Structure formats: structure tokens, C-alpha cells
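# A look at the structure
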Amino acid sequence: MERKMASLLGRCESVSEFEQLFTQIVTHGLYNGNLILPKLVTIASHLHSVHHAFRILTHSHAPNVVAYNALIKCSSSSSPSLPITLYTRMKASAVSPNSFTFTFLINAASRFLHFGRALHSDVFKFGLASSVFVQNSLVLLYGKCSQSAAVARHLFDEMPLRDTVSWNSMLSVYLDRRMFDEAFLLFHSMPTTNIVTFNTMIAGLSKAGYMDRAHSIFRSMPETNQVSWNCMISGYVKVGDMRNAQLLFDELPAKSIVSWTAIVSGYSTVGDLNSARAAFDLMPVRNVVSWNAMISGYVHNHKFDEALDVFHSMLLDSNCHPDQSTLISILSACSHLGSIEHGKWVSLFIQKNKIEISLPLANALIDMFSKCGDVQNAKEVFDKMQKRCVITWTTMISGLAVNGKCREALTMYEDMCLQELAPDDVIFLSVLSACVHGGLVEEGKSVYDQMIRTFEIKPRVEHYGCMVDLLSRAGKLDEAVDFIEKMHLEPNAVIWATLLSSCKIHGNGDLLESVTRKISAQEPSNPCYYTLVSNLSASLGLWDNALSSRVAMKNQKVEKQPGCSSIQVGNHLHEFLAKDISHKEREKIYTILNVLYLHLKED
């Protein structure tokens, strides 16, 4: 009966199946069986949760080392502290660990060197110091967590027995620490090598961008596998060398989905979306990573309509379902398009499919709703979040500010400070921007002072720009000039242009000549600044200055880029340039505009 139940557990594929089998196992008194309990723990971890598996183990009357090992292994990647708890409980229950226990525990202790050292001591206590499996894990632990590779190398040199894994472990330590000379010496002194050895070398060199050396080792390999080829292709993709990446891809005898995805991602990264889409369309099979590569490629290259089109095609593919990364990319596209219709549809899709809203996904939802002008829904997402990070607060504060709720943004910043969450330089930009848009001069000064004195954050040029903008808009031009003169950074053209714009607003021409000289020196070819100076001069009646700015633009062949606006109708984004003649509906558009113009003229 026990073997039959164990066999059924091995074929279990859903939570409901597991719960039915679990009931049968408890009913027949097989819960504590040496064969059943480890399988129960493993299947519960994969199908349900690690904590559910933990409850199964702790309710057992006779947990064995195999069951503990199964749960330690399953929990090591999802819960850093649970393996420590399990090991403590295991020793308290007088269950002796074996070499597998320590191998799993040491691998889980990669972020806790003090716990790793305690485990190293226990290895000797339980007489397992000669286990090559345990020693290999210790080499990797000290190689990753120690201040230098010397501790790992000493342990490696003292090993009574070494296998190929031992050499490969030490090799990966050197490569992870970018100690390439030591890695090559070790590589050439190895008594035996295998394909993992070569792949370790290729992966380490590719990660560091040393593609010539990686290529040399790749060509010397007695045999290769998919990992070898994909490491090389991904390495070339990382350094932006799509020519060599494509050559290797074309040479690859059996192209895997990983290879195809690497090529799509590579072309997207360098902005060659036509080649990326061509490769994507040729893929015989796609997975969610493939779809995400194409979608994020369009988003990062500001082709938001195309990203939405690919997303809609993905939804028609019954073999692939959007994951968190997909939804975050699509929400970003909706944000940039200002498409609240698409954004709300994605939000409903998340709710309907009961997709877990992770911290990054919640941040993306807040950003999308805020940029689309729906502050209420953004606030609802924010309020429902059980865990928030600095990015969450920054996104919400910025969202309130851009939607004109500047005092609410300032209040939210104060609430964040009460949460004892340390603000960073980015959130101060959002808060200062809120003060700028709301005309909150004294509040902005207080926040700026708090940033420097309380949180000891050194201002960037963007913070200085916010303060100059804040003071200038309020008409405090002398104070703004004094502030600029006390900056520890050289003011850039943007700061001077901010001051210049305020001169126009407040009709102050005294600063015009000196500020104009500074802008011209820093941005001699920027048409926006020339236009700004010309318009300001004209508004103050300084026609000679205005004319000289226009002449300077003409002499330097500097042309102002035409203004661009966009509007979304249905699923399509329509862009319009000044004096546009490219739109296919241009004749109808200009006819209607002319009618509107005549109508306004009559009024």
C-alpha cells in the first residue's frame, strides 16, 4: 500500500490531487512512513508551498533525515531562514544529519557566512569532513562569502580527495572574482576536464566581456553542448556584437528556444527591431521568455503600439501565459501611451486570472494609473499593498504631483518618513518637483535642507535644478542666482535656461545678457535655447537681441525640431508634427482645422 501511494504521489500534478492523496495517506496511517514522508514534503513544496510542507514535517511523529533533507533542499531557494530553522529542529529531534544534509545546508548558507562557519564546525563533529560533496560545497561557500579567495583555495588544497567537481568549484570561484590569471593557471593544471569545466570558463569570460579568450576556448573544446553555444551567443549579445552572435547562431546545429531568445533579445537591445522581429517570427516554438524579450524590446525602443500588438498575439497562444515580467512591460507601454483603456484592461486581466501582485507589479500599476491621470485607482493599489519599498513611495508621490495634488504628495512624503523608511536621492527629486508644481516655496526649502542635513544626501544637478525652478517661478530671481553661485557643481545649460524662462515670466531683462552668454557657451548647437533667448528678447522689446539669436541659428545651420503631439484612437497611436504632411488622413484633418480656425476668427 505504501509503495502504491508513493507511486501515486510521484505522478501528482495539482493541489487538488495532492490533497486527495494526502487524505488517503492519513486515513491508512501511512503518514510517518520512511518512503511516504519525504515524497509528501517534496510534492507539497512544489505544488503547494514550502511552509505547507514544513507543517507536514513538523506534525510527523517520526521525521527522518531523508524528509528533513528533502525540505531543506526545497526551501533553500525560496526561504533563506527556513533551512536554518529546520537544521536547529533536526538536531533538537536527535535526527543525525548526513553528507547530503550539509551539502544542501551549505548551499543555502551562501548569504550567511557565520552560519556556514558553524556548519563547517558541525561537519567535523559528525565525522563528515572527508566527504568530497561537503568539501566542494564549502569551497563554493567560502569563495562566495569570504573577503578573498585564499580561504577557499586553502580548503581546496587541504582536501584529502578531489574530483572534477572540486576543480570546477575552485575554477568558478576565481572566475566569479574576476581572477582570470589564477583561473587560467588552474584550468591548465587540471588532471582531468569535462564539458562543465569548459563551459565554466566560457561563461566566466563571457560574463566579463572577454569574448576573444572565450571564443578561443570554445573552439578548442573536444565536444560542445547547448550550454556552450548559448554562453557564447549570450556573451556576444551582452557586448553588443550581433555580427558574431548571428554567425554563431547560424552555425549552431540544433537551435534551442534559449538560442532564439538570445538573438531576439540581442537585436532588441541594440535597437534593430526589424531583425529582432524577423528572428521572433521564425521561432518554431516560443515560451514566455521569448514573448517577453520581444515585448520589452519594443517598450525599451519606444514602440509601444507594437508592444501591445505582440501582447495581444501572446494571449492567443494557448501554450504561453503572461507572467509578472510581461505585465510590467505592458503596463509601462500603457503608461507611455497614456492609454487608460489598455491599462484598466491589464488590471482586470490580473484580477480575473488571480495573478499574484508582486511588489514590482504593484509599482507598475501605480505608475500606469498615475501617468494616465487615474489617481484614485493608483491610490487604491497603494493602500492595498502590505509591503512597500522606496520605489513605491516615489512612484505614488510623483503620481500625485503630476496630477496637481502637490500638498497630498508632500503629506505622503511625511507619512513615509514616519514609517522609518530611509528616503533616497530619487524620492527627493519627486518631492521637490511636487513643491515646484504646487508653488510650495518654503516647504521645498525645508525638504531640501532635510535632504542634506538629516539624511546626508549630496545633491545632484537635478536637485539643484528643482530648487532653481522653485525659486524662479516664485519670482525670487535674486535668491535663485545666489543659490546657483553657491552650488558645488558647475551649473549646466538647463539650470540657466530655467532661470531664463522665469525672467520672461516675470519680465526681468537684467539677467538676459549674462545668462544668454552662459547658455551659448555650454550648448552652442541647441536650437531650443536659441529660440528661448529670441522669444524672451522679443517679449521684452529687445529686437536686436532677438534678431541676432535668429541670425546665429541660421549661420550655424541650427534648426528647431518641430513640435510633436499624439492621440490614441482605439488601438492606434496617431502622431502629428508641426506642418505635418505624412498622415494619411491629412487632407480631412487640415480641412477641419481650417473650419475651426475660421469659426474662432468669426468669434
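Residues numbered from 1 in each chain as written. Predicted model: local features only at pLDDT ≥ 70, side-chain atom pairs only at ≥ 80, totals over all residues. Heavy atoms only, no water.

### Focus on the overall build of the protein
A count of helices and strands for the protein gives 35 helices and two strands. Within the protein, the fraction of its 603 residues that count as buried is 46%. Considering only contacts in the protein between residues 6 or more positions apart, those separated by 24 or more positions represent 58%. Accessible surface, the protein as shown: approximately 32,100 Å² in total, 54% of it carbon and sulfur. (Helix = DSSP H or I, 4+ residues; strand = E, 2+ residues; numbered from the N terminus. Buried < 20%, exposed > 50% of the residue type's maximum accessible area, 1.4 Å probe, protein only. Contact = heavy atoms within 4.5 Å. Areas by Shrake-Rupley, 256 points an atom, 1.4 Å probe, with all protein chains shown as cover.)

### Topic: the UniProt feature "repeat: PPR" (unreviewed entry) in the protein
Here the UniProt-annotated "repeat: PPR" (unreviewed entry) positions come out as residues 163-193, 194-228, 287-322, 358-388 and 389-423. Helix and strand shares over residues 287-322 are 72% and 0% respectively, and the end C-alpha atoms of the span are 10 Å apart. (UniProt positions renumbered as here; feature names shortened; annotations may be inferred.)

### As for the pattern of salt bridges
In total, this model carries 16 salt bridges according to the counting rule given. Between Lys125 and Asp122 there is a salt bridge whose closest N-O contact spans 3.7 Å. Here Asp122 and Lys125 lie together in helix 8 (residues 113-125), a separation of three residues that amounts to about one turn. Using a relative accessible area of 8% as the deciding quantity, one classes Asp122 as buried. With a shortest N-O distance of 3.0 Å, Asp469 and Arg473 are connected by a salt bridge. Of this pair, Asp469 and Arg473 both sit in helix 29 (residues 461-473), four residues apart, roughly one helical turn. Look at Arg473 and you get partly exposed, because its relative accessible area is 43%. Through salt bridges with shared partners, one network takes in Lys91, Asp122 and Lys125. (Salt bridge = Lys/Arg side-chain N within 4 Å of Asp/Glu carboxyl O.)

### Digging into the packing of helix 27 (residues 425-438) against helix 28 (residues 441-453)
The contact between helix 27 and helix 28 brings their axes to 9 Å, and the two run at 165 degrees. Viewed along their axes, helix 27 and helix 28 adopt a mutual orientation that is roughly antiparallel. The handedness of the crossing between helix 27 and helix 28 is left-handed. Only Glu443, Gly444, Val447, Tyr448 and Met451 of helix 28 make contact with helix 27, whose side of the interface consists of Phe428, Val431, Leu432 and Cys435. Here the residues of the contact of helix 27 with helix 28 are counted per class, giving seven nonpolar, one polar and one charged. (Axes fitted to C-alpha atoms, helices over the stretch in contact; angles between N-to-C directions. Parallel < 35°, antiparallel > 145°, perpendicular 65-115°, else oblique. Left-handed = near helix turned anticlockwise from the far one by under 90°. Nonpolar A, V, L, I, M, F, W, Y, C, P; charged D, E, K, R; others polar.)

### Observations regarding unusual backbone geometry
Positive phi is not limited to glycine here, since Arg178 has a value of about 60 degrees. Residue placement: Arg178 occurs in the loop between helix 11 (164-176) and helix 12 (180-189). The backbone phi angle of His302 is positive, close to 65 degrees, even though this residue is not glycine. Relative to the elements of secondary structure, His302 occurs in the loop between helix 19 (288-300) and helix 20 (304-316). A relative accessible area of 57% means that His302 is categorised as exposed.

### Quick notes on the packing of helix 28 against helix 29
Interhelical geometry of helix 28 versus helix 29 gives an angle of 160 degrees and a closest axis separation of 10 Å. The pairing of helix 28 with helix 29 is recorded here as roughly antiparallel in orientation. The hand of the helix 28/helix 29 crossing is left-handed. Where helix 28 approaches helix 29, its residues Val441, Gly444, Lys445, Tyr448 and Met451 are matched on the opposing element by His463, Tyr464, Met467, Leu470 and Leu471. Its residues assigned to classes, the contact of helix 28 with helix 29 comprises seven nonpolar, two polar and one charged.

### Re the layout of surface pockets
The probe, sized like a water molecule, is rolled over the atoms to show the empty space still left. In this structure, the largest pocket occupies an estimated 410 Å³ of space. For the largest pocket, the lining is made up of 18 residues, of which Ile357, Leu365, Glu380, Val381 and Lys384 are closest to its centre. Elements supplying a minimum of two residues to the lining of the largest pocket: helix 22 (340-352), helix 23 (359-371) and helix 24 (375-384). (1 Å grid on protein atoms, 1.4 Å probe; cavity = no way out; pocket = protein on both sides within 12 Å on 5 of 7 lines; lining within 4 Å. Points joined across faces, edges and corners; volume = space filled by probe spheres on them.)

### Topic: helix 18 (residues 273-282)
Since the α-helix packs 3.6 residues into each turn, any two residues three or four apart lie on the same face. Listed in full, the buried residues belonging to helix 18 are Leu273, Ala276, Ala279 and Phe280. Burial along helix 18 is one-sided: seen end-on, the buried residues are contained in an arc of 125 degrees. Facing away from the buried side of helix 18 by over 90 degrees, the exposed positions are Asn274 and Leu282. In this structure, the buried side of helix 18 is in contact with helix 17 (257-269) and helix 19. (Arc of directions from axis to C-beta.)

### Re the packing of aromatic side chains
Enumeration according to the criterion identifies 17 aromatic pairs in this entry. Consider the rings of Phe382 and Trp393, whose centres lie 5.0 Å apart with planes at 80 degrees: the pair is edge-to-face. Highlighted residues: Phe382 in helix 24 and Trp393 in helix 25 (residues 390-402), separated in sequence by eleven residues. Overall, the relative accessible area of 3% leaves Phe382 in the buried class. Within the aromatic cluster, the residues linked to one another by ring pairs are Tyr87, Phe102, Phe115 and Phe126. The ring of Phe156 carries Arg162 above its face, with NZ or CZ at 4.5 Å from the centroid. (Phe/Tyr/Trp six-rings, centres within 6.5 Å; stacked < 30°, edge-to-face > 60°. Lys NZ or Arg CZ within 6 Å of the ring centre and 35° of its normal.)

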